[in-house]
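Okay, here's what each chain looks like letter by letter:
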Amino acid sequence: MVTEFSCFLLQRMVHMVLMDMVEVGNCGGAAPDGVEPPGFSARGASTERGTIFKALSGFYYVESGEGVVECRARGRFRLEGMSPLVGDRVEFSTAERGKGVLTQVLERKNSFVRPPIANIDIMVVVASAAIPVTEPYLIDRLTAIAVKNNCEPVICINKLDLDPADRLYDIYSAAGFSTVRTSAATGEGMDELQDMMRGAVCAFTGNSGVGKSSILNAIEPGFRISVGDISKKLGRGRHTTRHVELYRLTCGAVVADTPGFSAFDPDRLASKDALQGLFPDFGQYLGGCRFLDCAHQKEPGCKVLEAVRAGKLQKTRWESYARLYEQALEYKEWESGARKRK
Ligand code: GDP
Ligand code: ZN
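Treat the numbers as computed from the prediction; the structure is a model and nothing was measured. (Residues numbered from 1 in each chain as written. Chains lettered and ligands numbered in written order. Predicted model: local features only at pLDDT ≥ 70, side-chain atom pairs only at ≥ 80, totals over all residues.)

Draft legend 1. How the structure looks around the overall build of the protein. From N to C terminus, the protein includes twelve helices and 13 strands. Residues counted as buried form 37% of the 342 residues belonging to the protein. Here the analysis covers contacts within the protein between residues at least 6 apart in sequence; of these, 64% occur between residues at least 24 apart. (Helix = DSSP H or I, 4+ residues; strand = E, 2+ residues; numbered from the N terminus. Buried ≥ 20, exposed ≤ 12 C-beta atoms within 10 Å, placed from the backbone. Contact = placed C-beta atoms within 7 Å.)

Okay, here's the thing in structure tokens:
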């Protein structure tokens, strides 16, 4: 079903321009005057730019000004231990219409291992106050991952028809995040959510069963991402699919379908000193503490703790910070380890 629909979308993408198409001439030697005719030529290949929307069985499907081009990666990528990812902006050369070879991956804004994807602008953190109930800690961990990776977090509290989720809504709006309440069942809040997503590459994350697939289906009828009950999704079948793909929605947003991944999973979130920077709502209080290296745990003269006591900072936000701080202490070696793995 999804495959049929991907074909449909791939066809639709043919006339859509995601990235500027660049003609940079013939790779095999420039003409004497340095000017190459644009497009295809019998003798040489042209180089263009686009974005990988899908990766499957060694092929990369790149959306460019010319439509969708099926590319193979140059062997060089494997030698360098570099894998192109869905979401990557790439350069590719084409010698034959519709077929190409990836020659370069352009600089990434961010990239993730689980799910394997790059260049996410907005991370939509979906939560719910009704079956299942989302703990603020999970949301806080995901927003921290988003901030760390230069993504804008959007908090989407779904199942509004079952529970108005006032507490979650208040916590995240007070913390300064773009926060929206939705119901995939009634359609409430969908316009507001789409306004927040417009023009961006978005990925949905959040605990299983909160309604990520249902929201996408409500935004784009016909999207037909598999919606299942929670028990089915926790079963084995669901997790055999690890195929990530980007889709362009009618509203102009591009969304990642990341089946089998309920949350973005970094190896280590942050060092203990960097963690505070992943809580944007703490920002105005940082630097005011009595001790320069204040960890905002129980130090005297701590401005963060004062703000929590005064109700200016949400208590659950600080509790999540403290929990993540404990974890960061356990992973002192994380930085050197992460570097080695790269
Ligand atoms: P995902 O695991 O986050 O993708 O969640 P699903 O989209 O598969 O939804 C899990 C279950 O919650 C399904 O049975 C949906 O029908 C139901 N569901 C999703 N959104 C809503 C909603 O807004 N209201 C209600 N009442 N049920 C919803
Ligand atoms: Zn402090």
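Draft legend 2. Local environment of the pairing of strand β12 (residues 245-248). Bridge count for β12 against strand β13 (residues 254-257) is four bridges, and the pairing is antiparallel. For Tyr247, the partnering residue across the bridge sits in β13 and is Val255. Linkage of β12 to β13, two consecutive antiparallel strands, is achieved through a turn of five residues, within which Gly252 is found at a positive phi near 100 degrees. (Pairing = 2+ DSSP bridges.)

Draft legend 3. Local environment of the nonpolar core. Judged by nonpolar contacts, the single largest core of 77 residues is most densely connected at Met123, Val125 and Cys156. Every residue in contact with Val125, bar those within four places of it in the chain, is listed here: Ile139, Leu142, Thr143, Pro153, Val154, Ile155, Cys156, Thr205 and Gly206. (Core = buried A, V, L, I, M, F, W, Y, C linked by C-beta atoms within 7 Å.)

Draft legend 4. Structural detail: helix α3 (residues 136-148). In this model α3 runs 18 Å from its N-terminal to its C-terminal C-alpha over 13 residues, within 8% of the 18 Å that 1.5 Å per residue would give. When α3 is considered as a whole, its buried residues turn out to be Ile139, Asp140, Arg141, Leu142, Thr143, Ala144, Ile145 and Ala146. On its buried face, α3 is in contact with β8 (122-128), β9 (152-158), β11 (201-205) and α11 (315-330). Asn150 occupies a position one or two residues after α3 and carries a positive phi of about 65 degrees. (Expected span 1.5 Å × (residues − 1).)

Draft legend 5. Fine view of the environment of Pro153. Among the secondary structure elements, Pro153 is positioned in strand β9. Taking the C-alpha atoms as reference points, Pro153 and Val125, 28 residues apart in sequence, are found 6.8 Å from one another.

Draft legend 6. Representation of the pairing of β9. Counting buried residues along β9, six of its seven residues qualify, which places the element largely inside the surrounding structure. As paired elements, β8 and β9 share seven bridges and run parallel to each other. Each residue of the ladder has a partner; that of Val124, found in β9, is Val154. Sheet topology note: the β9/strand β10 (residues 178-181) ladder contains four bridges and is parallel. In the sheet register, Ile157 faces β10, and the bridge partner there is Arg181. For the segment spanning β9, helix α4 (residues 166-174) and β10, crossover handedness is right-handed. (Right-handed = clockwise from strand over helix to strand, strands pointing away.)

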